[in-house]
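Here is how the chains run, residue by residue.
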Amino acid sequence: QLPERWEENAFPRLLCSTWLGRVVGEDETGFAECNVFFSGQIPPEGFTEPFHVKICQQYNKEPRFATLYSTKDKIPLYSAFKYAKTAQNEEEDWLVEPQIDDPENDLQEMVHEADIVGSVANLGANQALTSDYVGSGYERGLLNPSLLNEKDFQMATYTLTNAVPLSPSLSKSWHRDIRRVVEQALVPHCSKKDHLYLLVGAIPSNIQVNGKVSVPETLWLAACCDAPEGWSLALVKKMKDENSLADLAVGELEKQLLAGVRLFKGNCGEDNQRQEKMEAIVQAVTQIRSKEQAGTSDSQEAKDNGLVRKVAGIIATPFIKLLELLIYVFVELVKFMFHFLWLVIKRVVSTLLDGVYSLWNGVVFYLTEISMVLISIPCDVGKVIINILQGFLENIQDVAIFTYKILSIPMGFVLHLAAFPYYSICAIPSVLKDIATGIGGTFSLVIDATATLLHDLCTGSELYKTTFLSGRRW
């Protein structure tokens, strides 16, 4: 009955979240922060035995539901919760409450049984443990069903302080009935669904699992719609008759419990509830019960016909095997044909895809090149325009520089340069005169030189002659 994976997977999940089942102290009012799960925030009255322990079941630091636990019977007497939304079951992760067995222990969280063996005194003395269910034929049936909760509320239900020993078939039928009754009969007739308060409990019997955990003799559900036109209703299922599901007033259920028990404050409008609404609810419950009984009858009839079908099956087995062989051969042939066709189609499709891929690559390359050429044309035109503008600007710059240089020439130099032709023309007569004077002076100088030379020559000849003649005389 126990999932084989829970021991190896549970501890890492515990490290990822906070699972707290706080034992409520005697000095605290009701169930402390878990009073919100009771109509008017007032828990049931009359459960005053010293072995009754109040637990505020929490998950991820938020209250999720409340439980009254019997350390004598080692099962919960009831769990209280509010209807929220149904959901599918998540993976089970079962925990125990260390403070029930060892109040002096510092562990404030609910933990896995394997993690506290040896560290918690008297572990299992006041509560059921997972090991108590092993090989017993019973499974851990949830009083607060996980199917009526979602997300963190559902995870919080997997605690042994919320479980009672149930046979697998009874556990299945009870949870199925509870879910159908809540979804199809109770919720549709409560004007405020978040004001639907549910109490699910168990009445212990003298039968015990492994001489320790009491097996319930009765399972019960008490519902209170604390809203305008509110109402209350109770359902009871006897362990001896798994198919039984009786509806009754909450007051009648209280008489089957401990003396002086009062489940809801002010009986949750039981004295003033509308008759037609109660009839509608009871009718819906009756229809659910009828469907359940019809399903049970069909199941019994199926069992009766099972023997006949078994004998017929033995006789027909050889023919069925031969037919199975023929069908197997035919199926294999069909599979072979389909496999062959698949290979052919695969090859053809592969060839076509290769061709399409090559064609696509060519088209993409062609379009890419054309795009590059088209893109380059505006770029080249832009470059030419830029070069023209650059040359034009350079010419303007040269003209500006030339103009600047012209404008920077001194005015005197410009005047002299402008008067140069005039002075040049006016100087021509003087120049010609000077030239003529120079030429005349030159001729005069040449004539004088020539005359001087001739005179010197004549004077020298006479002197020579005189000298020569004198010499001869000597």
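Just so we're clear, the structure is a prediction, and the values are computed from it rather than from any experiment.

**Thoughts on a nonpolar patch on the surface**
A cluster of nonpolar side chains, L359, V363, Y366, L367, I370, V373, L374, I377, V381, I385 and L389, forms an exposed patch at the surface whose accessible area comes to about 1,000 Å². Following the sequence through the fold, Y366 ends up in helix 8 (residues 275-407).

**What to know about the pairing of strand 2 (residues 52-59)**
Where burial is concerned, most of strand 2 is hidden: seven out of the eight residues are buried. Two elements, strand 2 and strand 3 (residues 62-70), share eight bridges in a ladder whose sense is antiparallel. Along strand 3, the bridge assignment pairs K54 with L68.

**Quick word on the UniProt feature "transmembrane region" (unreviewed entry) in the protein**
Here the UniProt-annotated "transmembrane region" (unreviewed entry) positions come out as residues 325-345, 365-389 and 401-423. Annotation note: span residues 325-345, helix share 100%, strand share 0%, distance between end C-alpha atoms 30 Å.

**Examining the state of the cysteines**
One pass over the structure, following the stated rule, counts three disulfides. Note on cysteine connectivity: C34 is disulfide-linked to C56, with sulfurs 1.9 Å apart. Classification of the bridge connecting C34 and C56 rests on its S-S torsion, roughly 75 degrees, and on that basis the disulfide is right-handed. Note that C34 is positioned in the loop between strand 1 (19-23) and strand 2 and C56 in strand 2, a separation of 22 residues in sequence.

**Let's talk about the environment of N144**
Mapped onto the elements of the fold, N144 is located in the loop between strand 5 (139-142) and helix 5 (151-156). Under the relative-accessibility criterion, N144 is labelled buried at 0%. Once residues within four sequence positions are removed from consideration, N144 is found in contact with F65, S79, F81, N149, T157 and N162.

**Comments concerning the side chain of T157**
Within the secondary structure, T157 is located in the loop between helix 5 and strand 6 (163-166). Separated by 2.6 Å, the side chain of T157 and the backbone oxygen of Q154 make a polar contact. Setting aside its immediate chain neighbours within four residues, T157 contacts F65, L142, N144, P145, S146, N149 and N162.

Cut-off values and rules
Residues numbered from 1 in each chain as written. Predicted model: local features only at pLDDT ≥ 70, side-chain atom pairs only at ≥ 80, totals over all residues. Heavy atoms only, no water. Patch = residues over 30% accessible without salt bridge, like charges linked within 9 Å, V, L, I, M, F, W, Y side chains within 5 Å. Areas by Shrake-Rupley, 256 points an atom, 1.4 Å probe, with all protein chains shown as cover. Salt bridge = Lys/Arg side-chain N within 4 Å of Asp/Glu carboxyl O. Helix = DSSP H or I, 4+ residues; strand = E, 2+ residues; numbered from the N terminus. Buried < 20%, exposed > 50% of the residue type's maximum accessible area, 1.4 Å probe, protein only. Pairing = 2+ DSSP bridges. UniProt positions renumbered as here; feature names shortened; annotations may be inferred. Disulfide = S-S within 2.5 Å. Contact = heavy atoms within 4.5 Å. Polar contact = N/O pair within 3.5 Å; in protein donor to acceptor, adjacent residues only side chain to side chain.

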